[in-house]
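Listed below are the residues making up each chain.
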Amino acid sequence: MKFTLKDYQRDAVRDSLNNLRKARRLWHGEADKTAFSLTAVTGAGKTVMAAATFEALFHGDDEFNFDADPGAVVIWFSDDPSLNEQTRFRIIEASDRINYTDLVVVENTFNRPKFEARKIYFLNTQKLGKNSLLVRGHDPEELEAKAGSTFPAMRPDLRAYTIWDTIQNTIEDPDLTLYLVLDEAHRGMGAQTAASQNAKSTIVQRLINGVGSVPGIPAVWGISATVERFNKAIESAGRHIKLPNVEVDPVKVQESGLIKDTILLDIPDEAGDFDTVLVRRATDKLKASTRAWAAYAKQQQEAHVVVPLMVLQVPNTPDPDEIGRALDTIFERYPELPAASVAHVFGDHVTQRFGNRDVPYIEPQRVEESIWVRVLIAKDAISTGWDCPRAEVMVSFRAASDKTHITQLLGRLVRSPLARRIPGNDRLNAVDCLLPKFNRKAVEQVVDALTTGSEAATPGRILIDHVEVQPNPAASAAVWDVFEALPSQTRPQKGAKPAVRLTALAHELASDGILAGAGALAHAEMHAALDTFQNDNADKITTKRRSVLVVDGKTVKADMQGKGRSLEKFWEDADVAVIDDAYRRAARLLSPSIAHSYVDHLAAKEADREGDPEAYLEAIVEARVTVAGLGLVMEVQAFFDAEADKLAKAWLAKYGTQIKALSDDRQESYRQIIEMSAEPQDVGLVKPEARYEATRADDNGKITALPLWEGHLLCDEAGKYPAELNDWERTVVETEAARAGFIFWYRNPQQPGQSSLGIAYVDADQYRIVRPDFLFFAEEDGKIVVDLVDPHSLHLADSLPKLQGLARYAAQHPDAYRRIESVAAVKDKLRVLDLKRLDVQEAVASAKDPLSLFGSALADDYL
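Everything quoted here is computed from the prediction, not taken from an experiment.

So, how was this worked out
Residues numbered from 1 in each chain as written. Predicted model: local features only at pLDDT ≥ 70, side-chain atom pairs only at ≥ 80, totals over all residues. Heavy atoms only, no water. Helix = DSSP H or I, 4+ residues; strand = E, 2+ residues; numbered from the N terminus. Buried < 20%, exposed > 50% of the residue type's maximum accessible area, 1.4 Å probe, protein only. Contact = heavy atoms within 4.5 Å. Areas by Shrake-Rupley, 256 points an atom, 1.4 Å probe, with all protein chains shown as cover. Core = buried A, V, L, I, M, F, W, Y, C linked by side-chain atoms within 4.5 Å. Salt bridge = Lys/Arg side-chain N within 4 Å of Asp/Glu carboxyl O. Pairing = 2+ DSSP bridges. pLDDT = per-residue confidence, 0-100. Axes fitted to C-alpha atoms, helices over the stretch in contact; angles between N-to-C directions. Parallel < 35°, antiparallel > 145°, perpendicular 65-115°, else oblique. Left-handed = near helix turned anticlockwise from the far one by under 90°. Nonpolar A, V, L, I, M, F, W, Y, C, P; charged D, E, K, R; others polar. Phe/Tyr/Trp six-rings, centres within 6.5 Å; stacked < 30°, edge-to-face > 60°. Lys NZ or Arg CZ within 6 Å of the ring centre and 35° of its normal.

**So, the overall build of the chain**
Okay, step 1: The helix and strand inventory of the chain stands at 26 helices and 38 strands.
Okay, step 2: Sorting the 863 residues of the chain into buried and exposed places 53% on the buried side.
Okay, step 3: Taking as baseline every contact in the chain between residues at least 6 positions apart, the subset at least 24 positions apart corresponds to 73%.
Okay, step 4: Surface accessibility of the chain: about 39000 Å² in total, with carbon and sulfur atoms responsible for 50%.

Given below as structure tokens:
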């Protein structure tokens, strides 16, 4: 892969490959058909996950411990050819092992008896329609109806095979395995009512379940943000064994930074026609976004500048003059826009006349790369499978009754333009949506649809009434230095391999000119470590090496007359295939790249590559046997991982200052490497430069302004910070602000981001992140000190695991804070646990419930 997979993407690929392995075994072993789904929120990178899965399926993958399927054939099916084209481009962009020729668009001229192995064929609904040249003469239901007829269905001239023939022949070939991937799998899977069960089945259902003489596809993989209908259709048909579905945690997607953190919704405060007002406001937002991205590119010294665009969403039967008036307003407000900066994506694919402007058509998949497009006019078709990361502003002329279309389109606008979070800058991590024809109640329904239920589009924040807050001008640089030095923890990654992390770190250090030859140095260090391990475990390795070279077994000898039997042992020399298999298993433990270079390292000790090539080749074989034997020694994995982890940590500490001086984009690469660990890792915080906060609350339809607070590290132009605090939180803020030396407080954001302090904890054998509520800054003896105070709810199921995570964090970072305290209400009285105390940490670690801790003598009254 050209991209480094996020941890959740890696987990999803691993789980999908496990299902595909089972699917192949069940089909060829038992003739059982199987199906499963992959569900992830929009923006999670489903196509990238699919590309990584296809690479392993076609070529094998040591990281995922997956052997290639030499007969694998993939059909990628959607209901939109432009969506297929976008997917094809993305696979090419993401994969370095799938070639352009491996991705075949099935055109009307396609005419083959079978699909070829190790290729992906792109099909869409229209290509399988009744009038398509690909199927004429072989509609399975039509053939059944005309069986025995004097006038059988006719095939088009010169066509030996219809697409249904090709599918059937591929399925029936014992050397091939046909996998069907349904993109946007919820479409075409509408549940059939009793009255319609005898109706002609949909094309998708015919593909999955089979029809006439054509059998159903052996392995079906549905991919979508909403796969409920797909899952129900598979279960109700009852023709496929349902394998475990693969579900991506939306919180992990949000943490990755691939999707926007915030959606800002603007609506009129009162009834009336506010189209022009909000179009002007949207244009101002487009201008501001353009300036912000240009400034960011200049600050980061990046050649690539994000060029944001505005989407104008119109009804299915739009008024051309109304659109023309909106365009006039945009150009009046933003005269710097070139006249030829507007395009549309209507279904009729022709130039449209809006007012006095002619607006050309553009294919949806070309919008992102066509930076001349600054204003895009769309209906609702654009919402299916399409996305444009540089779409920063949307104005919808849809009526309130069309909220479904709005939520669908908004879900497509949440991708981050640079595929990463911009540290500390909410302006560049947000998307604006303006709804001139909506009232507040309708907008709240949109918010509910976006954040909850099966059609949820984003796990991020959605704000209706908001204000931008920026660093408090009264806060000195010293305060922010202390803030940025606070240790925040990453969520550990399941199955992380220290050697992979080390080699990735070495690559980045060398690429950035921080450590020349870092890759060779890393390998040399690991070679030395393995040499040490060999010396310390020579006898074990000799025994294991011998077991690689000799295959032992038993022959069962039966006495047919006496009905007895005996076992006789045998020994045979291992052949090359057996040695290679043992080496490959060892390489998966050590990482393939280091195992390969260690073989060269061992061989070079025994023979000269240039002087005696034959002896060197023999030494290579012997070295591979040694590595294979190493892999059979139980202790080698823990030893090797510890050495790789130690070296990576040493380099990160040694070169941390130089890494921090790099651009955000380069720092993000190192941040991802730091997170490639099976244990929580410490990362610094980033000073927030801009953040959006809500200014009003809705209490059962009653809109109230939020209280404004002073002394917060972020504030509006008046020096105030809006915050809705419950009684506990209010008491904590007021109590801490009254303490001697207090200077500032910080409400820790509950959303992922580099400006939010995160602490790892374990709940149900899964690592999660808790984000403590408050940080308080004070002056003491001429220094800035920090107090972490977290009001703790005891009624939640994960309250004890969170408390235990805080206690472990306090034990690991005793010098980072003056105080680390957890506050909870016990019998209407606030009690506090000092988590820096050793006896409290021990009690928390062994506790069965948190209430007993706060009610015990270990806790004090919070004063």
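Structure's up, so let's keep going.
**Points about the side chain of glutamate 55**
Okay, step 1: The residue glutamate 55 is located in helix H2 (residues 46-59) in this model.
Okay, step 2: Classification of glutamate 55 by relative accessible area gives buried; the value is 2%.
Okay, step 3: Beyond its immediate sequence surroundings of up to four residues, glutamate 55 is in contact with Met1, Gly60, Ser95, Asp96, Arg97 and Ile98.

**Focus on the nonpolar core**
Okay, step 1: Within the largest apolar cluster, 72 residues are counted, with the highest numbers of intra-cluster contacts made by Met49, Phe54 and Ile120.
Okay, step 2: Among the elements that make up this core, the one with the highest residue count is H2 (nine residues).
Okay, step 3: With near-sequence residues (within four places) excluded, methionine 49 lies in contact with Tyr8, Gln9, Ala12, Val13, Leu38, Ala40, Ala44 and Val248.
Okay, step 4: Residues Val786, Ala807, Val823 and Phe854 belong to the second largest nonpolar core, which totals 53 residues.

**With respect to the pattern of salt bridges**
It is possible for side chains of opposite charge to pair when their charged atoms get near one another.
Okay, step 1: The final tally for this structure, using the stated rule, is 56 salt bridges.
Okay, step 2: The partner of glutamate 85 in a salt bridge is arginine 88, with the nearest N and O atoms 2.9 Å apart. With glutamate 85 and arginine 88 both in helix H3 (residues 81-94) and three residues apart, the pair spans about one turn of that helix.
Okay, step 3: With a shortest N-O distance of 2.8 Å, aspartate 787 and arginine 819 are connected by a salt bridge. Of this pair, aspartate 787 sits in strand E35 (residues 783-791) while arginine 819 is found in strand E36 (residues 819-826), placing the two residues 32 residues apart along the sequence.

**Topic: the pairing of strand E37 (residues 829-834)**
Okay, step 1: In the sheet, E36 pairs with E37 via six bridges, with the strands oriented antiparallel. Paired with serine 822 across the strands is leucine 833, a residue of E37.

**Some details on the confidence of the model for the chain**
Okay, step 1: In this model, the chain carries a mean pLDDT of 87, and residues with pLDDT of at least 70 account for 88%.
Okay, step 2: Counting interchain partners and residues more than four positions distant, the pLDDT-below-50 stretch residues 552-557 has 20 contacts.

**Some remarks on the packing of helix H18 (residues 592-606) against helix H19 (residues 613-631)**
Describing two packed helices takes the angle between their axes plus the distance from one axis to the other.
Okay, step 1: Taken N-terminus to C-terminus, the directions of H18 and H19 make an angle of 130°; their axes are 8 Å apart at the nearest point. Between H18 and H19, the crossing angle belongs to the class labelled oblique. Viewed along their axes, H18 and H19 form a crossing whose handedness is right-handed. The residues of H19 that touch H18, namely those facing Ala595, Tyr598, Val599, Asp600, Leu602, Ala603, Ala604 and Glu606, are Tyr616, Ala619, Ile620, Ala623, Arg624, Thr626, Val627 and Leu630.
Okay, step 2: A per-class count over the contact of H18 with H19 returns 12 nonpolar, one polar and three charged.

**Topic: the sheet that holds E36**
Each strand in a sheet pairs with another by means of backbone hydrogen bonds, the pair being arranged parallel or else antiparallel.
Okay, step 1: Pairing is mixed across the open sheet formed by six strands, whose spatial order is E31-E34-E35-E36-E37-E38. Two strands in the sheet have a free side with no partner beyond their single neighbour: strand E31 (742-747) and strand E38 (860-861).
Okay, step 2: Across seven bridges, the pairing between strand E34 (residues 774-780) and E35 is antiparallel. Looking at the pairing, glutamate 779 lines up with isoleucine 784 of E35.

**Describing the packing of aromatic side chains**
Okay, step 1: Counted according to the given criterion, the structure contains 18 aromatic pairs.
Okay, step 2: Their ring planes at 40° and their centres at 4.4 Å tell us that phenylalanine 115 and tyrosine 121 sit as a pair that is tilted.
Okay, step 3: Note on phenylalanine 115: relative accessible area 3%, which makes it buried.
Okay, step 4: Note on tyrosine 121: relative accessible area 1%, which makes it buried.
Okay, step 5: Ring centres of phenylalanine 533 and phenylalanine 639 lie 5.2 Å apart, and the angle between their planes is 35°; this geometry places the pair in the tilted category. Within this pair, whereas phenylalanine 533 is found in helix H15 (residues 518-536), its partner phenylalanine 639 is found in helix H20 (residues 636-654), the two being separated by 106 residues in sequence.
Okay, step 6: Taken together, the aromatic side chains of Phe36, Phe54, Trp76, Phe122 and Trp221 make up a single cluster linked through ring pairs.
Okay, step 7: Its guanidinium or amino end placed over the ring of phenylalanine 346, lysine 379 lies 4.6 Å from that ring's centre, counting from NZ or CZ.

**Describing the packing of helix H14 (residues 498-511) against helix H22 (residues 664-674)**
Okay, step 1: Interhelical geometry of H14 versus H22 gives an angle of 165° and a closest axis separation of 9 Å. Here H14 lies roughly antiparallel to H22, going by the angle between them. By crossing handedness, the relation of H14 to H22 is classed as left-handed. In this structure, H14 uses Arg501, Ala504, Leu505, Glu508 and Leu509 to contact H22, whose residues at the interface are Arg666, Ser669, Tyr670, Ile673 and Ile674.
Okay, step 2: Of the residues belonging to the contact of H14 with H22, the class tally is six nonpolar, one polar and three charged.

**A short note on the environment of proline 417**
Okay, step 1: By the secondary structure assignment, proline 417 is in the loop between helix H11 (403-411) and strand E18 (430-434).
Okay, step 2: Proline 417 sits in the buried class, given a relative accessible area of 17%.
Okay, step 3: Excluding residues that lie within four positions of it along the chain, proline 417 makes contacts with Lys260, Trp293, Val306, Pro389, Arg390 and Glu392.

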